[in-house]
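Close look at the chain arrangement
The chain contents come next:
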Amino acid sequence: MTLPPLPNSAIALGQSAADWREAIRLAGAALVDSGVADASYTDRMVDVIEEFGAYIVIAPGLALAHARPGNDVHREGLAVVTLATPVPFGHPHNDPVSVILGLAVTTPESHVTSVAALANVFNDASAIPAVAAATTPDAVRAVLGATEEAAA
Amino acid sequence: MKIVAICGAGVGTSGILKVNAERVLDRLGIDAEVTASDVASIATSAAQAQVILTSPELVDKIGKTFADIVVIENYFDLEELERKLDKALG
(Lines give C-alpha, C1' and ligand atoms only; values in the text may rest on other atoms or scores of the structure.)
Protein backbone atom coordinates (compact mmCIF):
# COMPACT_ATOMS: atom_id res chain seq x y z
CA MET A 1 0.00 0.00 0.00
CA THR A 2 1.93 2.99 -1.23
CA LEU A 3 0.96 6.52 -2.11
CA PRO A 4 1.64 7.99 -5.53
CA PRO A 5 4.91 9.99 -5.60
CA LEU A 6 4.69 13.51 -4.25
CA PRO A 7 7.07 15.82 -6.14
CA ASN A 8 7.59 19.42 -4.96
CA SER A 9 5.30 20.59 -7.78
CA ALA A 10 2.43 18.64 -6.18
CA ILE A 11 2.83 20.41 -2.83
CA ALA A 12 1.73 23.99 -2.08
CA LEU A 13 2.07 25.14 1.52
CA GLY A 14 0.71 28.14 3.40
CA GLN A 15 -1.51 29.20 0.52
CA SER A 16 -4.33 31.69 0.75
CA ALA A 17 -7.80 30.96 -0.57
CA ALA A 18 -10.86 33.20 -0.28
CA ASP A 19 -13.30 30.29 -0.30
CA TRP A 20 -13.56 26.54 -0.86
CA ARG A 21 -13.60 26.91 -4.64
CA GLU A 22 -10.24 28.66 -4.58
CA ALA A 23 -8.92 26.01 -2.21
CA ILE A 24 -10.01 23.21 -4.57
CA ARG A 25 -8.51 25.09 -7.51
CA LEU A 26 -5.15 25.27 -5.70
CA ALA A 27 -5.21 21.47 -5.34
CA GLY A 28 -6.21 21.14 -9.00
CA ALA A 29 -3.37 23.44 -10.06
CA ALA A 30 -0.90 21.27 -8.12
CA LEU A 31 -2.18 18.18 -9.97
CA VAL A 32 -1.74 20.05 -13.26
CA ASP A 33 1.74 21.31 -12.32
CA SER A 34 2.86 17.81 -11.43
CA GLY A 35 1.62 16.44 -14.75
CA VAL A 36 -1.10 14.26 -13.26
CA ALA A 37 -4.19 15.88 -14.76
CA ASP A 38 -5.47 18.58 -17.10
CA ALA A 39 -7.18 21.75 -15.91
CA SER A 40 -10.59 20.27 -16.72
CA TYR A 41 -10.07 17.81 -13.85
CA THR A 42 -10.00 20.80 -11.50
CA ASP A 43 -13.38 21.90 -12.82
CA ARG A 44 -14.73 18.41 -12.27
CA MET A 45 -13.52 18.38 -8.65
CA VAL A 46 -15.43 21.63 -8.09
CA ASP A 47 -18.49 20.13 -9.81
CA VAL A 48 -18.51 17.17 -7.39
CA ILE A 49 -18.90 19.56 -4.45
CA GLU A 50 -21.43 21.72 -6.29
CA GLU A 51 -23.52 18.59 -6.85
CA PHE A 52 -23.08 16.65 -3.63
CA GLY A 53 -21.99 19.19 -1.03
CA ALA A 54 -19.04 19.26 1.32
CA TYR A 55 -18.97 15.52 2.01
CA ILE A 56 -15.35 15.47 0.82
CA VAL A 57 -14.41 17.10 4.14
CA ILE A 58 -13.94 13.65 5.63
CA ALA A 59 -12.18 14.59 8.86
CA PRO A 60 -11.74 17.74 10.95
CA GLY A 61 -9.75 20.21 8.85
CA LEU A 62 -9.18 17.88 5.91
CA ALA A 63 -10.79 17.80 2.45
CA LEU A 64 -10.17 14.97 -0.01
CA ALA A 65 -10.77 16.67 -3.34
CA HIS A 66 -11.36 14.28 -6.21
CA ALA A 67 -13.54 13.44 -9.17
CA ARG A 68 -14.20 10.35 -11.23
CA PRO A 69 -11.50 8.92 -13.48
CA GLY A 70 -11.50 10.47 -16.97
CA ASN A 71 -9.48 11.28 -20.08
CA ASP A 72 -8.14 14.37 -18.31
CA VAL A 73 -6.26 12.19 -15.81
CA HIS A 74 -2.86 11.13 -17.18
CA ARG A 75 -1.82 9.01 -14.23
CA GLU A 76 -2.70 8.35 -10.66
CA GLY A 77 -1.55 11.20 -8.49
CA LEU A 78 -1.82 13.09 -5.27
CA ALA A 79 -1.41 16.76 -4.39
CA VAL A 80 -1.20 18.42 -0.98
CA VAL A 81 -2.26 22.03 -0.33
CA THR A 82 -2.23 23.74 3.05
CA LEU A 83 -3.89 27.04 3.82
CA ALA A 84 -2.45 29.84 5.95
CA THR A 85 -6.02 30.64 7.00
CA PRO A 86 -8.51 27.76 7.03
CA VAL A 87 -11.69 28.18 4.97
CA PRO A 88 -15.19 26.76 5.59
CA PHE A 89 -16.52 24.25 3.06
CA GLY A 90 -20.00 24.00 4.56
CA HIS A 91 -19.53 20.72 6.42
CA PRO A 92 -21.62 20.38 9.60
CA HIS A 93 -18.79 18.94 11.73
CA ASN A 94 -15.38 19.14 10.09
CA ASP A 95 -15.04 22.80 9.04
CA PRO A 96 -12.87 24.82 8.65
CA VAL A 97 -10.42 23.15 6.27
CA SER A 98 -6.68 23.75 6.38
CA VAL A 99 -5.43 20.71 4.43
CA ILE A 100 -6.67 19.80 0.95
CA LEU A 101 -5.59 16.53 -0.61
CA GLY A 102 -6.14 16.39 -4.37
CA LEU A 103 -6.54 12.82 -5.62
CA ALA A 104 -6.71 11.73 -9.25
CA VAL A 105 -7.09 8.12 -10.33
CA THR A 106 -7.25 6.47 -13.73
CA THR A 107 -9.64 3.62 -12.97
CA PRO A 108 -12.22 3.09 -10.22
CA GLU A 109 -10.24 0.07 -9.03
CA SER A 110 -6.86 1.76 -8.84
CA HIS A 111 -7.99 4.22 -6.19
CA VAL A 112 -8.26 1.51 -3.56
CA THR A 113 -4.50 1.16 -3.12
CA SER A 114 -3.99 4.90 -2.73
CA VAL A 115 -6.85 5.42 -0.33
CA ALA A 116 -5.76 2.48 1.80
CA ALA A 117 -2.36 4.15 2.09
CA LEU A 118 -4.04 7.47 2.92
CA ALA A 119 -6.11 5.76 5.60
CA ASN A 120 -2.94 4.26 7.07
CA VAL A 121 -1.46 7.74 7.39
CA PHE A 122 -4.48 9.72 8.56
CA ASN A 123 -5.98 7.18 10.95
CA ASP A 124 -3.29 8.63 13.19
CA ALA A 125 -5.02 11.74 14.53
CA SER A 126 -1.73 13.67 14.68
CA ALA A 127 -1.24 13.50 10.90
CA ILE A 128 -3.63 16.29 9.85
CA PRO A 129 -2.16 18.89 12.27
CA ALA A 130 1.34 17.75 11.26
CA VAL A 131 0.64 18.32 7.55
CA ALA A 132 -1.11 21.63 8.30
CA ALA A 133 1.97 22.79 10.23
CA ALA A 134 4.53 21.59 7.67
CA THR A 135 6.71 24.33 6.19
CA THR A 136 8.65 22.25 3.65
CA PRO A 137 7.70 19.61 1.07
CA ASP A 138 10.09 17.20 2.80
CA ALA A 139 8.12 17.58 6.03
CA VAL A 140 4.88 16.75 4.19
CA ARG A 141 6.45 13.70 2.56
CA ALA A 142 7.75 12.58 5.93
CA VAL A 143 4.26 12.65 7.48
CA LEU A 144 2.71 10.87 4.49
CA GLY A 145 5.53 8.41 4.00
CA ALA A 146 5.56 9.48 0.35
CA THR A 147 8.52 9.62 -2.03
CA GLU A 148 9.48 12.56 -4.22
CA GLU A 149 9.76 10.46 -7.37
CA ALA A 150 8.22 7.20 -8.46
CA ALA A 151 10.29 4.15 -7.64
CA ALA A 152 12.14 2.98 -10.73
CA MET B 1 -23.88 -9.32 5.65
CA LYS B 2 -23.38 -6.60 3.06
CA ILE B 3 -22.28 -3.05 3.76
CA VAL B 4 -22.07 -0.29 1.15
CA ALA B 5 -19.94 2.83 1.57
CA ILE B 6 -21.42 5.68 -0.43
CA CYS B 7 -19.82 8.85 -1.77
CA GLY B 8 -20.58 11.30 -4.55
CA ALA B 9 -18.12 10.04 -7.12
CA GLY B 10 -17.75 6.41 -6.03
CA VAL B 11 -13.97 6.78 -5.69
CA GLY B 12 -11.84 8.36 -3.02
CA THR B 13 -13.89 9.03 0.08
CA SER B 14 -16.01 5.88 -0.18
CA GLY B 15 -12.78 3.94 -0.57
CA ILE B 16 -11.50 5.35 2.71
CA LEU B 17 -14.74 4.38 4.43
CA LYS B 18 -14.52 0.89 2.94
CA VAL B 19 -10.92 0.33 4.05
CA ASN B 20 -11.56 1.58 7.57
CA ALA B 21 -14.89 -0.26 7.93
CA GLU B 22 -13.12 -3.50 7.00
CA ARG B 23 -10.53 -2.85 9.69
CA VAL B 24 -13.20 -2.23 12.31
CA LEU B 25 -15.27 -5.27 11.29
CA ASP B 26 -12.16 -7.37 11.55
CA ARG B 27 -11.58 -5.99 15.02
CA LEU B 28 -15.20 -6.72 15.97
CA GLY B 29 -14.98 -10.21 14.52
CA ILE B 30 -17.88 -9.54 12.14
CA ASP B 31 -17.85 -11.22 8.76
CA ALA B 32 -19.15 -8.75 6.18
CA GLU B 33 -18.55 -7.70 2.61
CA VAL B 34 -17.92 -3.98 2.21
CA THR B 35 -18.20 -2.32 -1.19
CA ALA B 36 -17.69 1.29 -2.29
CA SER B 37 -20.28 2.94 -4.50
CA ASP B 38 -21.71 6.30 -5.50
CA VAL B 39 -24.99 8.05 -4.82
CA ALA B 40 -26.16 7.68 -8.42
CA SER B 41 -26.02 3.88 -8.41
CA ILE B 42 -27.23 3.35 -4.87
CA ALA B 43 -30.51 1.76 -5.92
CA THR B 44 -28.67 -1.24 -7.32
CA SER B 45 -25.57 -1.26 -5.12
CA ALA B 46 -27.51 -1.06 -1.86
CA ALA B 47 -30.39 -3.35 -2.81
CA GLN B 48 -28.89 -6.28 -0.91
CA ALA B 49 -27.12 -4.25 1.77
CA GLN B 50 -27.96 -4.25 5.46
CA VAL B 51 -25.97 -1.14 6.20
CA ILE B 52 -25.12 2.02 4.24
CA LEU B 53 -22.12 4.02 5.45
CA THR B 54 -21.99 7.65 4.38
CA SER B 55 -21.33 11.31 5.19
CA PRO B 56 -23.81 13.65 6.91
CA GLU B 57 -23.85 15.67 3.68
CA LEU B 58 -25.13 12.78 1.57
CA VAL B 59 -27.89 11.35 3.77
CA ASP B 60 -30.59 13.39 2.07
CA LYS B 61 -29.56 12.10 -1.35
CA ILE B 62 -29.90 8.43 -0.49
CA GLY B 63 -33.67 8.14 -0.69
CA LYS B 64 -35.76 5.16 0.33
CA THR B 65 -33.92 2.12 1.56
CA PHE B 66 -34.44 -0.79 3.89
CA ALA B 67 -30.81 -0.64 4.99
CA ASP B 68 -29.65 1.03 8.19
CA ILE B 69 -27.96 4.32 7.33
CA VAL B 70 -24.87 4.92 9.46
CA VAL B 71 -23.53 8.48 9.27
CA ILE B 72 -19.81 8.90 9.82
CA GLU B 73 -18.42 12.33 10.70
CA ASN B 74 -14.69 11.61 10.82
CA TYR B 75 -13.69 8.92 8.31
CA PHE B 76 -10.33 8.48 10.01
CA ASP B 77 -11.74 7.93 13.50
CA LEU B 78 -11.82 4.16 13.91
CA GLU B 79 -13.39 4.53 17.37
CA GLU B 80 -16.38 6.37 15.88
CA LEU B 81 -16.71 3.76 13.12
CA GLU B 82 -16.47 0.90 15.61
CA ARG B 83 -19.04 2.43 17.97
CA LYS B 84 -21.56 3.11 15.20
CA LEU B 85 -21.07 -0.16 13.33
CA ASP B 86 -21.30 -2.14 16.55
CA LYS B 87 -24.58 -0.38 17.36
CA ALA B 88 -26.02 -0.93 13.86
CA LEU B 89 -24.99 -4.57 13.65
CA GLY B 90 -25.21 -5.61 17.29
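In case you missed it, the structure is sitting above this.
The structure contained in this document is the topic of the report that follows.

Attention now goes to the overall build of chain B. Per the secondary structure count, chain B includes 3 helices and 4 strands. The linear arrangement of helices and strands in chain B, starting from the amino end, is β-α-β-α-β-β-α. Relative to its length of 90 residues, chain B is compact, with a C-alpha radius of gyration of 11 Å against a globular reference of 12 Å. When its C-alpha atoms are laid out on the principal axes, chain B stretches across 30 × 25 × 20 Å.

In this section: the interface of chain A and chain B. If you look at the interface, chain A gives 31 residues, while chain B gives 24 residues. The largest share of the area that chain A buries against chain B comes from A:Phe52, A:Tyr55 and A:Ile58, three residues that together contribute 28% of it. If you look at where chain A meets chain B, you find 1 salt bridge. The residue B:Asp38 makes a salt bridge to A:Arg68 at a minimum N-O spacing of 2.8 Å. In this structure, the connection of chain A to chain B is made through 11 residue pairs in polar contact (both at pLDDT 80 or more). If you list the elements that add at least two residues to the side of chain A that touches chain B, you get α2 (39–52), β2 (62–66) and α3 (111–122) of chain A.

When a protein is soluble and globular, its nonpolar side chains tend to lie buried together. Membership of the largest hydrophobic core comes to 92 residues, with the highest contact counts inside it found for A:Phe89, A:Ile100, A:Phe122, A:Leu144 and B:Leu53. Per element, the largest residue contribution to this core is 7 residues, and it comes from α3(A).

Bringing the sheet that holds β2(A) into the picture now. Residue and element names in this part refer to chain A. Read across the open sheet, the 4 strands follow the order β1-β3-β4-β2; overall the sheet is mixed. In this open sheet, the two strands that pair with only one neighbour each are β1 (11–15) and β2. On average, adjacent strands in this sheet sit at an angle of 15 degrees to one another, irrespective of strand direction. Sitting on the sheet, α2 touches β2 and β4 (97–104), and the angle it makes with β2 is about 120 degrees.

Let us look at the pairing of strand β3 (residues 51–54) of chain B. Residue and element names in this part refer to chain B. Here β3 shows a buried face lined by Val51 and Leu53 and a second buried face lined by Ile52 and Thr54. The pairing of β3 with strand β4 (residues 68–71) spans 4 bridges and is classified as parallel. Looking across to β4, one finds that Ile52 is bridged to Ile69.

Bringing the packing of aromatic side chains into the picture now. All names here are of chain A. Tallied over the full model, the rule gives 3 aromatic pairs over all chains. Ring geometry for Trp20 versus Phe89: centroids 6.3 Å apart, planes at 40 degrees, classification tilted. Of this pair, Trp20 sits in helix α1 (residues 20–33) while Phe89 sits in the loop between β3 (77–87) and β4, and the two are 69 residues apart along the sequence. When sorted by exposure, Trp20 lands in the same class as Phe89, which is buried. Ring centres of Phe52 and Tyr55 lie 6.4 Å apart, and the angle between their planes is 85 degrees; this geometry places the pair in the edge-to-face category.

Here is what the cut-offs are and how they apply
- Residues numbered from 1 in each chain as written.
- Chains lettered and ligands numbered in written order.
- Predicted model: local features only at pLDDT ≥ 70, side-chain atom pairs only at ≥ 80, totals over all residues.
- Heavy atoms only, no water.
- Helix = DSSP H or I, 4+ residues; strand = E, 2+ residues; numbered from the N terminus.
- Rg over C-alpha atoms; globule rule 2.2 N^0.38 Å.
- Contact = heavy atoms within 4.5 Å.
- Buried area = accessible area lost by both parts, 1.4 Å probe.
- Salt bridge = Lys/Arg side-chain N within 4 Å of Asp/Glu carboxyl O.
- Polar contact = N/O pair within 3.5 Å; in protein donor to acceptor, adjacent residues only side chain to side chain.
- Core = buried A, V, L, I, M, F, W, Y, C linked by side-chain atoms within 4.5 Å.
- Buried < 20%, exposed > 50% of the residue type's maximum accessible area, 1.4 Å probe, protein only.
- Pairing = 2+ DSSP bridges.
- Axes fitted to C-alpha atoms, helices over the stretch in contact; angles between N-to-C directions.
- Phe/Tyr/Trp six-rings, centres within 6.5 Å; stacked < 30°, edge-to-face > 60°.

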